[in-house]
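Residue-level listing of the chains:
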Amino acid sequence: PSATKKSNTTEKERRKPPSTQKPPPEKSQQTSERPSKLPQPPPPTTMIPSPPDSSWPDAWLMPPAECTDQKAPNRRSPNVPVTAPQLRSLGISYWHLDPSSHSYPPLAVPWNPQDSPDPHLSELRDERGYSYADIITVHPDTLPEYEAK
């Protein structure tokens with residue numbers, strides 16, 4: 001009696017077209033392709049809670065043309081809002097710290113954040129490893145050439 005060899009592949013698998021994907025590069029190979037996602041910063045560890053999404057400032061996509069008037073809203077028509085979760089996915093954090101509860105200089109570039117009288121700001125600075133800051137008060141009395149900008 002003759003022995004018959006059976007195949008473990010099904011008819012569907014035999015008709016499947018060959019894969020068009022490139023195999024991943026070997027560890028020693030270098031690739032010029034950019035990663036699909038940028039590395040994300042670590043999540044904030046501060047005890048100061050981020051406000052609810054509804055309290056975040058408005059954000060939107062700007063028109064693709066060059067910005068000619070910095071004072072204009074520069075929104076697309078129709079407007080394309082950017083949500084708080086979308087901003088967080090980009091690594092943007094937001095906290096509201098009451099500036100009226102502490103005294104800051106109207107302009108300090110650079111400003112030493114170790115001079116901060118605000119314990120919440122100091123906590124954010126320390127926990128996130130910030131070592132540099134600028135203070136710029138956007139107001140006609142404090143910002144040179146305010147009307148021209």
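Heads up: the structure comes first, above all this text.
Cut-offs and rules
Residues numbered from 1 in each chain as written. Predicted model: local features only at pLDDT ≥ 70, side-chain atom pairs only at ≥ 80, totals over all residues. Heavy atoms only, no water. Helix = DSSP H or I, 4+ residues; strand = E, 2+ residues; numbered from the N terminus. Contact = heavy atoms within 4.5 Å. Areas by Shrake-Rupley, 256 points an atom, 1.4 Å probe, with all protein chains shown as cover. 1 Å grid on protein atoms, 1.4 Å probe; cavity = no way out; pocket = protein on both sides within 12 Å on 5 of 7 lines; lining within 4 Å. Points joined across faces, edges and corners; volume = space filled by probe spheres on them. Nonpolar A, V, L, I, M, F, W, Y, C, P; charged D, E, K, R; others polar. Polar contact = N/O pair within 3.5 Å; in protein donor to acceptor, adjacent residues only side chain to side chain. Phe/Tyr/Trp six-rings, centres within 6.5 Å; stacked < 30°, edge-to-face > 60°. Lys NZ or Arg CZ within 6 Å of the ring centre and 35° of its normal. Buried < 20%, exposed > 50% of the residue type's maximum accessible area, 1.4 Å probe, protein only. Core = buried A, V, L, I, M, F, W, Y, C linked by side-chain atoms within 4.5 Å.

(A) Summary view of the overall build of the chain. The number of helices and strands found in the chain is three helices and two strands. Across the chain, every contact between residues at least 6 apart in sequence was considered, and the portion connecting residues at least 24 apart equals 53%. Looking at the chain as shown, the accessible area adds up to about 13,300 Å², and 55% of this sits on carbon and sulfur atoms.

(B) Representation of the layout of surface pockets in the model. Space inside the largest pocket adds up to approximately 470 Å³. Lining the largest pocket are 19 residues, and of these L97, W111, L121, D134 and I135 lie nearest its centre. Where the lining of the largest pocket is concerned, the elements lending two or more residues are α3 (119-128) and β2 (133-136). A class-by-class count of the residues in the lining of the largest pocket yields 13 nonpolar, one polar and five charged.

(C) Layout of the side chain of R125. Structurally, the position occupied by R125 is in helix α3. Among the polar contacts listed, one links the side chain of R125 to the side chain of D126, at a separation of 2.7 Å. Beyond its immediate sequence surroundings of up to four residues, R125 is in contact with P113, Q114, S116 and Y130.

(D) Region of interest: the packing of aromatic side chains. Per the counting criterion, the structure on display carries one aromatic pair. In this structure, K71 is placed above the aromatic ring of Y146, and the distance from its NZ or CZ to the ring centre is 5.6 Å. Of note, R75 hangs over the ring of W60, and the distance from its end group to the ring centre comes to 3.7 Å.

(E) Highlighting the environment of P99. The topology assignment puts P99 in the loop between α2 (84-89) and β1 (107-111). For P99, a relative accessible area of 52% corresponds to the exposed category. In the structure, P99 is positioned 19 residues away from D118 in sequence and 8.9 Å away in space, judged by C-alpha atoms.

(F) Summary view of the environment of W111. Counting through the fold element by element, W111 comes out in strand β1. Look at W111 and you get buried, because its relative accessible area is 11%. Spatially, the C-alpha atoms of W111 and S131 are 9.8 Å apart, while their sequence positions differ by 20 residues. With near-sequence residues (within four places) excluded, W111 lies in contact with Y104, P105, S116, L121, A133, D134 and I135.

(G) Inspection of the nonpolar core at higher detail. In terms of nonpolar packing, the biggest core is built from five residues, these being W56, V82, A84, L87 and Y94. Leave out the neighbours within four places in its chain, and Y94 touches S50, P51, S55, W56 and P57.

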